[in-house]
Amino acid sequence: LPVLVGGVAVTPYESVQQLLSDVIADDGKVVPGMAIAINPEKVLKAQNDPQTHAILAQATIPFADGIGVVKALQKKTGKKCVRIAGCELWLDILKHSVKHQSKVVLVGAKADVISRCNDILTKQHVNVVAYQDGYFDNEDIVFDLISETMPDIVIVALGSPKQEKLIAKLRAIHNNALYMGVGGSFDVLTG
Ligand code: UDP
């Protein structure tokens, strides 16, 4: 259950495995929702910016990505909890999606970067059903992509808060997916 850290709800996890079991059920089905990495910068921003607070409050999997948040959780719960790096978690989630061939859509980054991400993940047998670079003029292109493919997992790399705003709109048209914003992680993967 989530615990408030500086007014922001964060779920304390004892392991990455425990988080993954909240995201991919025993039968292999992806649990719909929105995973957000919570770090001290975001908690501070949320305290001064109601829009940021509202975005973070939409998360169904708000996980601690920062030692300050981990320490606060441990103090409140009296239990050990781990820091989970968002830039590694999305790859763990996709690895777990291979077995049941959950449908994955990738949105964001420059055209050559997203194309190389698709190559890398497809080689790892991730079922990428569509991808779109992050420099589109009209969001309709993404809405159409989601409506056509009905994915189980949508990874969005546009930077914050752009990616979270897009995710909120995408959830309104297709709620039956797990969404995660990953900032510059597509660039990291393609190095
Ligand atoms: N990006 C994008 N469209 C935009 C702006 C940014 O696809 O209109 C991509 C950018 O190419 C990069 C990612 O968003 O891959 C993250 O950008 P940034 O490093 O600025 O965000 P942060 O990781 O700091 O949240």
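Keep in mind that this is a model prediction, so the values were computed, not measured.

1. A short note on the site of the ligand
Lining the immediate environment of the ligand, one finds 13 residues, of which Ala 109, Gly 134, Gly 159, Gly 183 and Gly 184 sit closest. Tallied by class, residues from the shell around the ligand come to five nonpolar, six polar and two charged.

2. Quick notes on the nonpolar core
Residues Ile 38 and Val 154 are the most contacted members of the largest nonpolar core, which totals 59 residues. Shared between two domains, this core holds at least three residues of each, these being domain 1 (3–77) and domain 2 (100–190). Once residues within four sequence positions are removed from consideration, Ile 38 is found in contact with Val 8, Val 10, Val 43, Leu 56, Pro 62, Phe 63, Ala 64, Asp 65 and Val 69.

3. Details of the domain arrangement of the chain
For the chain, the assigned domains read domain 1 (3–77) and domain 2 (100–190). The C-alpha centroid of domain 2 is placed 21 Å from the C-alpha centroid of domain 1. Elements supplying a minimum of two residues to the side of domain 1 that touches domain 2: strand 3 (33–38) and helix 3 (50–57). Counting residues per element, the side of domain 1 that touches domain 2 draws most heavily on strand 3, which supplies four residues. Broken down by class, the residue content of the side of domain 1 that touches domain 2 amounts to eight nonpolar, four polar and no charged.

4. What about the pairing of strand 5 (residues 104–108)?
Among the five residues that make up strand 5, five are buried, leaving the element largely enclosed by the rest of the structure. Taking the sense of rotation as the criterion, the β-α-β connection linking strand 5, helix 6 (residues 111–123) and strand 6 (residues 128–132) turns out right-handed. With five bridges connecting them, strand 5 and strand 7 (residues 153–157) associate as parallel partners. Looking at the pairing, Val 107 lines up with Val 156 of strand 7.

5. Concerning the sheet that holds strand 3
With respect to topology, six strands assemble into an open sheet ordered 4-3-8-7-5-6, the strand pairing being parallel. The strands lining the two open edges of the sheet, one partner per strand, are strand 4 (61–64) and strand 6. Ignoring which end each strand starts from, the neighbouring axes of this sheet average 15° apart. Sheet topology places strand 5 next to strand 6; four bridges connect them, and they run parallel. The residue bridging Val 104 from the neighbouring strand is Val 128, located in strand 6. Its contacts with the sheet put helix 7 (residues 140–149) on strand 5, strand 6 and strand 7, and the angle it makes with strand 6 is roughly 175°.

6. So, helix 6
The end-to-end C-alpha separation of helix 6 is 19 Å, in line with the 18 Å expected for 13 residues at 1.5 Å each. Of all the positions in helix 6, only Ile 114, Cys 117 and Leu 121 are classed as buried. Down the axis of helix 6, the sector holding all buried residues measures 55°, keeping them to one side. Exposed residues on helix 6 whose side chains face more than 90 degrees from its buried face are Ala 111, Asp 112, Asp 119 and Lys 123. On its buried face, helix 6 is in contact with helix 5 (86–97), strand 5, strand 6 and helix 9 (185–190).

7. Some words on unusual backbone geometry
Of note, the amide linkage connecting Ser 160 to Pro 161 takes the cis form, showing an omega dihedral of 0°. Relative to the helices and strands, Pro 161 is located in the loop between strand 7 and helix 8 (162–173). In the Ramachandran plot, Gln 101 falls in the positive-phi region, its phi being about 50° despite a non-glycine side chain. With respect to the element layout, Gln 101 can be found in the loop between helix 5 and strand 5. At Met 150, a position not held by glycine, the phi torsion is positive, near 45°. Assignment of secondary structure puts Met 150 in the loop between helix 7 and strand 7. Taking the C-beta count within 10 Å as the criterion, Met 150 has 12 such neighbours and is therefore assigned exposed.

8. What about the environment of Gly 86?
The topology assignment puts Gly 86 in helix 5. For the pair formed by Gly 86 and Ala 168, sequence separation is 82 residues and the distance between their alpha carbons is 19 Å.

What counts and how
Along every chain, residues carry numbers that run from 1 in the direction the sequence is written. In view of the model being predicted, local features appear only for residues whose pLDDT reaches at least 70, and side-chain atom pairs are presented and counted only at 80 or more, with totals across whole chains, interfaces and linings using the full set of residues. Any residue whose backbone-placed C-beta atom lies within 6 Å of a molecule or strand is treated as near that molecule or strand. Polar here means any residue outside two lists: the nonpolar Ala, Val, Leu, Ile, Met, Phe, Trp, Tyr, Cys and Pro, and the charged Asp, Glu, Lys and Arg; Gly therefore counts as polar. For the purposes of this analysis, a nonpolar core is taken to be any set of buried Ala, Val, Leu, Ile, Met, Phe, Trp, Tyr and Cys residues that are connected through C-beta atoms within 7 Å. Exposure classes come from backbone-placed C-beta atoms, where a residue is buried if 20 or more other C-beta atoms lie within 10 Å of its own, exposed if 12 or fewer do, and partly exposed in between. Residue ranges for the domains originate in an automatic or database domain assignment. A pair of residues counts as a contact when their C-beta atoms, built from backbone coordinates, are separated by no more than 7 Å. Helix and strand assignments follow DSSP, with helices taken as H or I runs no shorter than four residues and strands as E runs no shorter than two, numbered in order from the N terminus. Whether a crossover is right-handed depends on one test, that the path from the first strand over the helix to the second runs clockwise when the strands point away from the viewer. Here, any two strands with at least 2 DSSP bridges between them count as paired. Only C-alpha atoms enter the line fits that serve as axes; for helices the fit covers just the stretch in contact. Angles between N-to-C directions range over 0 to 180 degrees. Working rule for helices: expected span equals 1.5 Å times residues minus one. Throughout, the arc means that of the directions going from the helix axis to the C-beta atoms.

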